[in-house]
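Residues per chain are reported as follows:
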Amino acid sequence: MLGCQDIKMVSCYQDSGFPKWGYRERSLSVEAKNLKNGEKKIVTLLKRKQNVSTSCSEKTRRLHVNTSVSSHERRYSCTPGQVKSSGRYPCDISSLGCEERNELLVTLEQAVAFVTTMVFQDGSSQLNSEQASTSSVKGVVVLVKNQTDHPCPPSHTSTGYTWNAANENDKLFYFKTEQSSPWEQEQAHKKISWQVLFQMLQCKVPIICFNAKDFLRTLLQVYGDEISWKQVADCVVLDPRIAAWLINPSDTVPSFECLIQKYFEKPFSKGTENTDTGTLRNVSVSSLVCFKIKISLWNLFCTLELPLIKILAVMETHKIYVNKQELKKTSEILGLRLKELEQEAHEVAGERFLLTSSCQLREVLFDKLKLHMLCEKLHRTEIQQLVSTSEVVLNKLQDLHPLPKIILEYRQVHKMKSTYVDGLRTCMKKGFISSTWNQTGTVTGRLSSKHPNIQGISKHPVTLTKKQYIKGKEEDIVTISPRTLFVSKKGCTFLAADFSHIELRILADLSSEPELLKLFQEPEITDIFSTLASQQNSKNNLSKERLADCLGITPVQASQFIESFMQKYKKVHEFTKKTIEQCRNKGYVVSIMGRKRPLANINAQDYKLRTQAERQAVNFVVQGSAADLCKMAMVKIFASVVISPTLTARLIAQIHDELLFEVEDSQIEEFSARAHSRLLGLFSVKQWIYSCRHQVFIHKLWSSLTKAQQYVWLNQLA
DNA sequence: GCGGCGCTCGTAAGG
DNA sequence: TCCTTACGAGCG
């Protein structure tokens, strides 16, 4: 699988606290005179190797060419400056004199790549901490790759690496981000730091960093006054972790060390013992990582995932304000309601028990009341195969006893309180929240968010039917809608741009079923259709009369509709069969943008495992492709805001098929129009909170596009 | 004996 | 169906 056409990324790093780094016979001592223990740790170097195969060299070189044109031009138009602390010594830039600082800035202009690593207070770094360290950031180490010659002579076998990790022209420096010294000195240091960073960001030379998102976010947090989010959005970052995840989204890479383990300790190509790895394995001080991205993933990596890093970093630095008073009030109201429900439940059950415990509830419902005797085929739990107490089961038991209904309401209210109200409060600092976005947390290519999980915030309001919460006020209906707890900044509005039935559309396209595609061209039918599709069980027979009634069409038309519906099923079945077949042959499936998911169990003996893998394969193609499109939309809309001199709209969340923005009221029209034009109207843009005060922008849908436009769109992405 | 910690399980929200 | 996060109970 990993042949010479692979793009190679090579990284050298220091895995002990020892303040020097070695590289094969060339072991270079770093006298970190200006650094403290923890700061000495890190030297990273990551270098892209030039491709060897002529047939793909064009492709692999693209990033290099694209990103270094400007610096390349500059490089030959001026004399390289000599920075005193040349190369091997990570000098603290605060110790530099005025001239030396200028020299440093000149050096930066000539760089072809930067490799950065954050160092934390506790002495750990981005390379040896398990995950985003909770410890605060102390400083940043930067390696400036400054070679004017070609990085590596081409080699013609996968074993013939020429590791050219350290170049004489490379510079290494360090700057603090924490406040420690007296104010004036601090300001001076801060100034040079952000000048350096400014230079790094705007020169469009790749910044290579493990966990690059955390790095960029920190920059925005520390230098937020000096460096704008649009500047950060403009830089070029590379993150080996993302690359590893693209190669196989299933294996998690918790740390840089794991990355090395996976891509270095193992032989690169089967059968041949790499002489370089053999040598290097013996070098106990440093390790190397080499990971590879197939050509097929390169485009996805560069056009989608890398730009996303910056977008997520910017999103994480945006403050989403929360209505604190409302939060407190609703928490109390919900708490009261829970108490009431608890009491009611105890009364009807005839005993006290813990309502939140499914075990205890099971005892009451089935051991004591024997309700399962009166109802057939109740769903069971996954592992222990006990009768479930899930919503579905409770709904079935509703008419047999008053308890299930009480439990259902209790659960609803409890979920609301614990997750959306109290949970949100624990994520808050000073009246606002910022989610953490994980780009490599899913196997399907989706994003995930946590603290709080903004993607999981309930859409639907809960209404409390009980009264007398507030004395004297006979309020008997209170509705609580979690999304309204978020408040936009003054003079701004939350706007949501969302795809409509994205996965179904993708299925239509992938199964290339004309009947199905046609359905999307009739907007009125679309909704009903999708409702039917989601509700319709294969067993549940749909009569043409009922459908005719439902759609307001004649039974003849209805039966035609049903036929096309069944036709769709047939085509979809063919699609799933084809997908599974491909997966069996290749061992993996791909999405429309080339995202991969290997499925080891696809050829398993075990029926259960095999069929699960089959479902996963089909699901991946659809869900993964949808994720591709949504990410693409994100990148495009974000970019259009970044290049606009006027727009200030902030992307604040992605809820899979929906993008949430905070837009200045005066810019709503302009923003909507731009979002719309960028995506050929695939999005509808409307106010986020679904209390739907007014529709801001009426969209054109996919369905209203011509076939040609649809193809343009899809081809653009493919 | 008790509380903290980490784990699995069940449930339910998002898509 | 599948894939996420979050929460609480219960166990060791």
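Since the structure is predicted, the reported quantities are computational estimates derived from the model, not experimental observations. (Residues numbered from 1 in each chain as written. Chains lettered and ligands numbered in written order. Predicted model: local features only at pLDDT ≥ 70, side-chain atom pairs only at ≥ 80, totals over all residues. Heavy atoms only, no water.)

Let us now look at the pairing of strand 22 (residues 650-654). In terms of residue burial, strand 22 counts as a mostly covered element, since five of its five residues are buried. Judged from the four bridges that link them, strand 22 and strand 23 (residues 658-664) form a sheet pairing that is antiparallel. Paired with leucine 651 across the bridge in strand 23 is phenylalanine 661. The antiparallel pairing of strand 22 with strand 23 creates a hairpin that spans three residues between the two strands, and histidine 656 there sits at a positive phi of about 60°. (Buried < 20%, exposed > 50% of the residue type's maximum accessible area, 1.4 Å probe, protein only. Helix = DSSP H or I, 4+ residues; strand = E, 2+ residues; numbered from the N terminus. Pairing = 2+ DSSP bridges.)

Together, Met373, Leu374 and Leu400 give the surface a local cluster of nonpolar side chains, amounting to about 330 Å² of exposed area. Along the polypeptide, leucine 374 turns up in the loop between helix 11 (358-368) and helix 12 (391-397). (Patch = residues over 30% accessible without salt bridge, like charges linked within 9 Å, V, L, I, M, F, W, Y side chains within 5 Å. Areas by Shrake-Rupley, 256 points an atom, 1.4 Å probe, with all protein chains shown as cover. Salt bridge = Lys/Arg side-chain N within 4 Å of Asp/Glu carboxyl O.)

It is worth spelling out the packing of helix 10 (residues 324-349) against helix 13 (residues 402-427) at this point. Interhelical geometry of helix 10 versus helix 13 gives an angle of 155° and a closest axis separation of 9 Å. Classified by the interaxial angle, the pair formed by helix 10 and helix 13 is roughly antiparallel. Considering how the two elements wind past one another, helix 10 and helix 13 form a crossing that is left-handed. Per-class residue counts for the contact of helix 10 with helix 13 are 16 nonpolar, four polar and eight charged. (Axes fitted to C-alpha atoms, helices over the stretch in contact; angles between N-to-C directions. Parallel < 35°, antiparallel > 145°, perpendicular 65-115°, else oblique. Left-handed = near helix turned anticlockwise from the far one by under 90°. Nonpolar A, V, L, I, M, F, W, Y, C, P; charged D, E, K, R; others polar.)

Time to look at the protein's contact with DNA strand C. What surrounds DNA strand C is a group of 22 residues, the closest being Thr356, Thr442, Val443, Arg597 and Arg615. Those atoms of DNA strand C that come within 4 Å of the protein belong to sugar or phosphate at a rate of 96%. A distance of 2.8 Å separates a phosphate oxygen of DNA strand C from a polar atom in the side chain of threonine 356. Within the side chain of glutamine 616, one N or O atom sits 3.2 Å away from a phosphate oxygen of DNA strand C. Secondary structure elements with two or more residues in the surface near DNA strand C: helix 13, strand 15 (448-450) and helix 19 (607-643). For the surface near DNA strand C, the residue count by class is two nonpolar, 17 polar and three charged. (Near = heavy atom within 4 Å. Polar contact = N/O pair within 3.5 Å; in protein donor to acceptor, adjacent residues only side chain to side chain.)

Following the sequence through the fold, glutamine 654 ends up in strand 22. A distance of 3.1 Å separates a polar side-chain atom of glutamine 654 from the backbone nitrogen of histidine 656.

Pairing is mixed in the open sheet, where six strands are placed in the order 5-8-7-6-9-10. Strands with a single pairing partner mark the edges of an open sheet, and in this sheet they are strand 5 (91-92) and strand 10 (237-238). Pairing of strand 6 (residues 113-120) with strand 7 (residues 137-145) involves eight bridges; the strand directions are antiparallel. From the neighbouring strand, valine 115 faces strand 7, where its bridge partner is leucine 143. In the packing of helix 3 (residues 183-202) onto the sheet, contacts are made with strand 5, strand 6, strand 7, strand 8 (171-176) and strand 9 (207-208), and the angle to strand 8 comes to roughly 130°. Running at roughly 75° to strand 6, helix 4 (residues 212-222) makes contact with strand 6, strand 7, strand 9 and strand 10 of the sheet. (Contact = heavy atoms within 4.5 Å.)

This part takes up the environment of leucine 306. Following the sequence through the fold, leucine 306 ends up in helix 9 (residues 295-316). By relative accessible area, which is 5% here, leucine 306 ends up buried. For the pair leucine 306 and proline 482, spaced 176 residues apart in sequence, the C-alpha to C-alpha distance is 32 Å. Ignoring any residue separated from it by four or fewer positions in sequence, one finds leucine 306 in contact with Val237, Leu238, Asp239 and Phe301.

Moving on, we get to the environment of valine 348. Along the chain, valine 348 turns up in helix 10. Placed 210 residues apart in sequence, valine 348 and lysine 138 show a C-alpha to C-alpha distance of 59 Å. Setting aside its immediate chain neighbours within four residues, valine 348 contacts His401, Pro402, Leu403 and Ile406.

Here we take up the pairing of strand 8. Judged by how many residues are buried, strand 8 sits mostly within the fold: six of six residues are covered. Here strand 8 shows two buried faces, one formed by Lys171, Phe173 and Phe175 and the other by Leu172, Tyr174 and Lys176. With two bridges connecting them, strand 5 and strand 8 associate as parallel partners. Bridge pairing in strand 8 places aspartate 92 opposite tyrosine 174. Where strand 7 lies against strand 8, six bridges are found, and the strand directions are antiparallel. Counterpart to valine 140 in the pairing with strand 8 is phenylalanine 175.

Time to look at the protein's contact with DNA strand B. Taken together, 24 residues sit near DNA strand B, with Thr381, Thr389, Glu391, Arg411 and Asp657 positioned nearest. Here DNA strand B approaches the protein such that, of its atoms within 4 Å, sugar and phosphate make up 87%. Between a base nitrogen of DNA strand B and a side-chain N or O atom of arginine 446, the distance comes to 3.1 Å. Here lysine 459 contributes a backbone N or O atom positioned 3.1 Å from a phosphate oxygen of DNA strand B. Of the residues forming the surface near DNA strand B, the biggest block, three residues, is contributed by helix 13. Taken together, the residues of the surface near DNA strand B sort by class into four nonpolar, 11 polar and nine charged.

What is shown is where atoms sit, not what they do.
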